[in-house]
Amino acid sequence: INSLLTMTPFRFSIGGLVFSGVAIAAALTSVDAFAPASSIVRPASSSSTLLYNRQARRQNKKKKVRSAPSFVVDEEEDDAPSNSSTTKNSKSSEPILLGGGEIGFSSEVPESKIPVAKATSANTPPKASKLDQELEGKRIEEDGIVGESVTSAASVSDMPVASGQQQPDVSTVITDPETGIARIQQGKYVMDKVTGKAVVLSSLGPEYRLAQMFPGVPPDTRQKHRFDWSTVTVPEMVQRLRDACTVPLKNSQTGEEWLGIPPHPQISNPAVDFVLANRDYLGHRMKKTLGRLKLRAQSQFQKEEALQYRTLWKHFLLLEDHISAPFRQILLNAEAKIGPNFGNLDVKSYCGGELYERTASYLVLKSMVAHWEKKYADSQKLESIPDDDSYFLQQLYTGDPKRYLPDPPIIFRLDEVSRIVVMAQKMCQSFVETPELFDDLPPEVRFVESALGIKGGTALRQFMLEEFCPRNNVDPVSLREGLRRLYQQMFNMQIDPYGEITMTLWNLCVASAVGTDEARDPYEEYIGNVRGTKFETNPGFFQTYTFDHDKNSLVRFLDSAKRIEKGTAGSAEDIQRQVSGEVSQLLGFNFGGKPDNVEPAKETKRYVVPEDRAIGRPHMMGWLELLGEDEELMGGAKNEKEKEEKFEADEWVEVEK
């Protein structure tokens, strides 16, 4: 397998104009929205008190034993009258959340009404506040949790590096010594899943590293593999991808030879060339399509076809990870430079360097701006939601749900977020206004900066055709392809904090393609067809079904629980009898002794799912277990007789007194 390092580091000429091999393939329904959506709904927990995990409870117990500081809530802020003039001024200077470089945020933000916890014990050693830690470019320190920084997201599931412990080179699964649960500890470098080792950037020079960041193929290879987007169909794309991934294989022990997809995690040169030639047309939409086709064949009990799709799907995911690994590593290097220098407007001192390094620095800065603008918009919305039970769900589904953790590892209050977003905007603007840093970046990257200040799809396309392309001597077709390729690379980054800028790139791709052959989207029928609910009317449809759930399962408990509404609950005795019966069904024991006139439970052979949840779906089709031990993604049974799952509680016995 040839390394990506052997690819030509230069950008190829298309139509006599410079082509930047970096960008996006995507499509969306709206063409006039370029800003990161401020109304993205993120589900949160139903109650802050329910979000204490086992580790948090253990930590609280340890603190109590040590006579740790108690925390009190400053309630004066809730009782303080609101300043109408301040609110009015805040509304008059409302920022335009374009993910852009406009400095539109007021530095004087009203004090948050969300209460702040304060330590009262003198035994607590002085510790920098979370805001101060972020402003210094550090991660928020929190026991057992990886806190956020200005350029990196917080993670509850990842294992933080203990004091004195060395961070591994690549991400490693380790066992938490306190809980015994396997957790991921993030490494210093991105791992190439093909080699299982850290990504190695080229030692041949900065031009080769730029080629790794934005890989392409020679013109003759491109012409051989390139799709004709005006006529190509999904079945044709899938078949051509399968043909490119199929290579001669040989069993070294038996000498048997055959054609097939290399075993995981091996890849072939033809497959890499094919994916790179069509990078802007494949990407995440092909991932979704292959997944749906696999589930479709499985739901029709076509086992061999499902296995073939699963093999191709898994191989394509590996190719995507392998191709995007250098890009992710270069951006990770940029994060390491920008984070510790947060607040330093002399961006040239730490964002300089070669073209690939400066491009990565701009993308990190732009992603940081878009991410914190989204958090600013969420904080504004949270402040405007009335403190009333009727708005409880609206509060839960707004913003980052990690704020409900006992000691949140994030910044989310309006007055604190505003300080970070203003500084992030100033840093990005300072980078853009420094010619030595910005003016020679790839055309598609510079176009993003200009396009985010334009409202409306028509105005955007007019600017692209009449101003940007002539001024930069670039063909509009090449520019749009560069945008799509950039989008595909950014889509392989983690959602937090790169999700907002990635969706902005998606919208730019769709808006700039309106009126061209590139606006055609053959994937839509497979992954966006909400009207076709049958195999005949939807080529991406697969039949879901309901399950028989254990009598003590949470699903059965919720299905059988009766809604207690105001005015219809009945007497207190009726409510107690109903609730105690449901809890008894779920937990297997009674509260307050044995109830009267209780009939012995009868386990039915077939569980009748409530109609409002079944919505006409069939029951217990069983196709999820069709692949059995061959199903790696779903985890099928390893033997013909399915092994029964065992829990620690199954071994408990009653202690005789």
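In this report, the structure presented in the accompanying data block is examined. (Residues numbered from 1 in each chain as written. Predicted model: local features only at pLDDT ≥ 70, side-chain atom pairs only at ≥ 80, totals over all residues. Heavy atoms only, no water.)

With respect to the packing of aromatic side chains
The description of an aromatic ring pair rests on the distance of the ring centres and on the angle between the ring planes. This is how it is decided: When two rings of Phe, Tyr or Trp (its six-membered ring) have centres within 6.5 Å they constitute a pair, described as stacked for plane angles under 30 degrees, edge-to-face for angles over 60, and tilted for the intermediate range. Secondary structure counts use DSSP, requiring at least four H or I residues in a row for a helix and at least two E residues in a row for a strand, with both numbered from the N terminus. Relative accessibility thresholds used throughout: buried, under 20% of the residue-type maximum; exposed, over 50%; partly exposed, between the two (1.4 Å probe, protein chains only).
Evaluation of the coordinates by the stated rule reveals 15 aromatic pairs. Here Tyr 362 and Phe 431 contribute two aromatic rings whose centre-to-centre distance is 6.0 Å and whose plane-to-plane angle is 35°, an arrangement assigned as tilted. Of the two residues, Tyr 362 is situated in helix H12 (residues 355-384) and Phe 431 in helix H14 (residues 414-432); the sequence distance between them amounts to 69 residues. Each of the two residues, Tyr 362 as well as Phe 431, counts as buried. With 5.8 Å between their ring centres and 70° between their planes, Tyr 545 and Trp 623 make a pair best called edge-to-face. Here Tyr 545, found in the loop between helix H20 (524-527) and helix H21 (554-560), pairs with Trp 623, found in the segment after helix H23 (611-614); they are 78 residues apart in sequence, far enough to count as distant.

Quick word on a nonpolar patch on the surface
We count it as follows: Residues form patches when they are more than 30% accessible in relative terms and have no salt bridge. Like charges link within 9 Å. Nonpolar side chains (Val, Leu, Ile, Met, Phe, Trp, Tyr) link within 5 Å. For the area figures, the Shrake-Rupley method with a 1.4 Å probe applies, and any residue is considered shielded solely by the protein chains shown. By definition here, a salt bridge exists when the distance from a side-chain nitrogen of Lys or Arg to a carboxyl oxygen of Asp or Glu is within 4 Å.
Where nonpolar side chains cluster on the molecular surface, the patch consists of Phe 392, Leu 393 and Tyr 397 and spans about 290 Å² of accessible area. Tracing the chain through its elements places Tyr 397 in the loop between helix H13 (392-396) and H14. Exposure remark for Tyr 397: the relative accessible area of 36% places this residue in the partly exposed category.

Re the packing of helix H10 (residues 303-338) against H12
The line we're drawing: Every angle, taken between N-to-C directions, lies between 0 and 180 degrees, and every axis is a line fitted to C-alpha atoms, over only the stretch in contact when it is a helix. Angles below 35 degrees are treated as roughly parallel, those above 145 as roughly antiparallel, those between 65 and 115 as roughly perpendicular, and all remaining angles as oblique. Note on contacts: a residue pair qualifies if any of its non-hydrogen atoms lie within 4.5 Å across the two residues. By the convention adopted, Pro, Cys, Tyr, Trp, Phe, Met, Ile, Leu, Val and Ala count as nonpolar, Lys, Arg, Asp and Glu as charged, and the other residues, Gly among them, as polar.
Where H10 contacts H12, the two axes come as close as 8 Å, and the packing angle between them is 70°. As judged from the angle between their axes, H10 and H12 are roughly perpendicular. Contact with H10, carried on its side by Phe 327, Ile 330, Leu 331, Ala 334, Glu 335, Lys 337 and Ile 338, involves Tyr 356, Glu 357, Ala 360, Ser 361, Leu 363, Val 364 and Leu 365 of H12 and no other residues of that element. Split into classes, the residues belonging to the contact of H10 with H12 amount to 10 nonpolar, one polar and three charged.

Comments concerning the pattern of salt bridges
Tallying each qualifying case throughout the model produces 20 salt bridges. Taking the shortest distance from any N to any O, the salt bridge between Lys 402 and Asp 400 comes out at 3.3 Å. Across the pair, exposure class does not vary: Lys 402 and Asp 400 are buried alike. Here the residues in one salt-bridge network are Arg 222, Arg 226, Asp 280, Arg 480, Glu 481, Arg 484, Arg 485 and Glu 518, joined through shared partners.

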